[in-house]
Amino acid sequence: MKHKRLAAAVLAAALWLTGCGGAAAPAAPAGSGAASQSAADTAVQTAQKDRITEQFTLEKTVRDEYGITQKLTVHVPQLECDSPDAAYLNDELAAMYAADFRQYEDSPEIEPQQDEWCPETYINWDAYWYGDCVSLVVFRYDGGSDPGYSRGWCFDFATGKQVSVTEMLQRMGLDPDAVQQQMLREAMQTFDRHMAQGGYYEGLRSGGNLASMRMNTLENNQLEDLCLLLPEQDRLVLRGGCSSTAGSGWRQLDVEIPLTPAAPADTPVLTDTYGSASVQLEGTQGTITLRRTPETAAWDADYGIRLEQDRTYPILGTYNEYIDVCIGELGASFHPVVYLLTKDGVVEYVDVLHCLISGNVLVCQDPIYIANNGVALERSGKEVILHQEDGSVLELAPLTEEWNAQEIPSEAVGAFNDMSDNQFDWMDVESNGCVQMGVQDNNVFYQGYADYLGVVPEGMVLGVSTSETADGMPGITFVAAVKYDLFNETLNLTMIDGQNPFAEGKTQLQLIRCPDP
């Protein structure tokens, strides 16, 4: 039968929890001792168990309508509360976990033959308490090599309301924004580490698959998508996951969040200067400063990039912990590239010109997973080499040019339109980066090119640069983060730099995917 792991209440271990909206127990008299406290704890745990029961239980081996033997172990929880939120949550649990198995309640139990293959479905749950609030986590495993997966809900019996993960964290005295950033960093570091250790293969960059996997890792670790666990008193764990090349393409990830602030660690400040460029990196926060000199002034004629004065740019898209940084060049003219070495020995980089051609944004490109096992970066002439654990060295410039050629992620490829505000605008993006746009109610037509620059929580970053129009209007450049909503078939566009060509003054926009011809 089901084993329920009910963590001791962290907020108020002596609460007397009696039904939806129950009141706290009277305080124990002074000097009552450990025995009274133990009795109170026992009463609390008993009341907690009464508040969550099982609405559906099934443990048997059956034959389905196709004659296939299945082993079913299904336990679906139910909140014992008469509030509308509780009823809604109970109905949701029933639809997700019980509905598909009710047909087998009256099926006879069978004994599989010894050599008979028998797939298994396993559904079970845990309840983690924090005062009157419970975090209900349901785990499901459908057999095979893929791991199971969990979903979570938080509910406050004192108010009869479902609460968000964000609110639960606030009740614990935590900063949800800080927790969110820690979760994203841990998830991305885990993903990058797995890729560098053998999960990466060459075909992932075709069709922008690598970019999509990194984006999915960020998108699916937003706070409200996570499960909140309290496996022990004073221990908080958030359960998310990261993309994987194995099985279903997803692997579970548990990240422990300290409930009490730890003493700030000494984070080294990494710096380097080369020519007209310098970089400073502290933890995941970094900046690149470009000075106006003859070599950067030449960018105006060569690339259309005008640097009026010295300028410092933040580096977007950094998630790892870094141990070294070094600036080198690509090509003949001054073309600075900032290389960052992670604590796991993997190289990331910021191609300054590659980013600035589309706008005033510097984004850290996806890690070069085949440039790993690194211990130090060194400038050799104009270029940077990686010293590896085995004593060998690796030239990074050829790999940088190769990684820059990554295709546009497939989610952003296709035809999209915006018909809001009684106008018609559209954009067509090809996998090779070619872009066409009709804006201002389809009265202005642009052609140009889009570059994939990296991923940020808002989406996959595209830098778009267009040519002068046939009517002599100057071209436009902008940088936007795009995120595709598969359910609604919309491309969510968040402007990062430049003028929104579709809706002037707006930073958020939804484009609808056009049907295939």
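None of the values given here were measured: they were computed from a predicted structure.

A. The pattern of salt bridges, seen in detail. Evaluation of the coordinates by the stated rule reveals 16 salt bridges. As a salt-bridge pair, D300 and R306 come within 2.6 Å of each other at their nearest N and O atoms. Salt bridges linked by common partners bring D156, E167 and R171 together as one network.

B. Summary view of the state of the cysteines. Counting across every chain of the model gives zero disulfides. In this model C133 remains outside any disulfide bridge; the closest cysteine sulfur is found in C154, 7.8 Å from its own. For C133, a relative accessible area of 2% puts it in the buried group.

C. Quick look at the packing of helix α4 (residues 176–199) against helix α5 (residues 209–219). Taken N-terminus to C-terminus, the directions of α4 and α5 make an angle of 150°; their axes are 9 Å apart at the nearest point. Regarding α4 and α5, the two cross each other, and that crossing is right-handed. Every residue of α5 that contacts α4 at L184, A187, M188, F191, D192 and M195 is listed here: L210, M213, R214, T217 and L218. Of the residues assigned to the contact of α4 with α5, the class counts are eight nonpolar, one polar and two charged.

D. The arrangement of the pairing of strand β26 (residues 459–466) in detail. Within β26, seven of the eight residues are buried, which leaves it mostly tucked inside the rest of the structure. Looking at chain direction, strand β25 (residues 444–456) and β26 are connected through eight bridges and run antiparallel. Across the sheet, residue G448 finds its bridge partner in β26, namely T466. Between β25 and β26, which follow one another and run antiparallel, lie two residues.

E. Quick look at the sheet that holds strand β8 (residues 227–232). Spatial strand order, β8-β9-β10: three strands in an open sheet with antiparallel pairing. At either margin of the open sheet sits one strand with a lone partner, and together these are β8 and β10 (250–257). Each strand axis lies, on average, 35° off the axis of its neighbour in the sheet, ignoring direction. For β8 and strand β9 (residues 235–243), the ladder comprises four bridges, and the chain directions are antiparallel. Its bridge partner being in β9, E232 is matched across the sheet by R235. Running at roughly 135° to β10, α4 makes contact with β9 and β10 of the sheet.

Quick notes on the rules
Residues numbered from 1 in each chain as written. Predicted model: local features only at pLDDT ≥ 70, side-chain atom pairs only at ≥ 80, totals over all residues. Heavy atoms only, no water. Salt bridge = Lys/Arg side-chain N within 4 Å of Asp/Glu carboxyl O. Disulfide = S-S within 2.5 Å. Buried < 20%, exposed > 50% of the residue type's maximum accessible area, 1.4 Å probe, protein only. Axes fitted to C-alpha atoms, helices over the stretch in contact; angles between N-to-C directions. Helix = DSSP H or I, 4+ residues; strand = E, 2+ residues; numbered from the N terminus. Left-handed = near helix turned anticlockwise from the far one by under 90°. Contact = heavy atoms within 4.5 Å. Nonpolar A, V, L, I, M, F, W, Y, C, P; charged D, E, K, R; others polar. Pairing = 2+ DSSP bridges.

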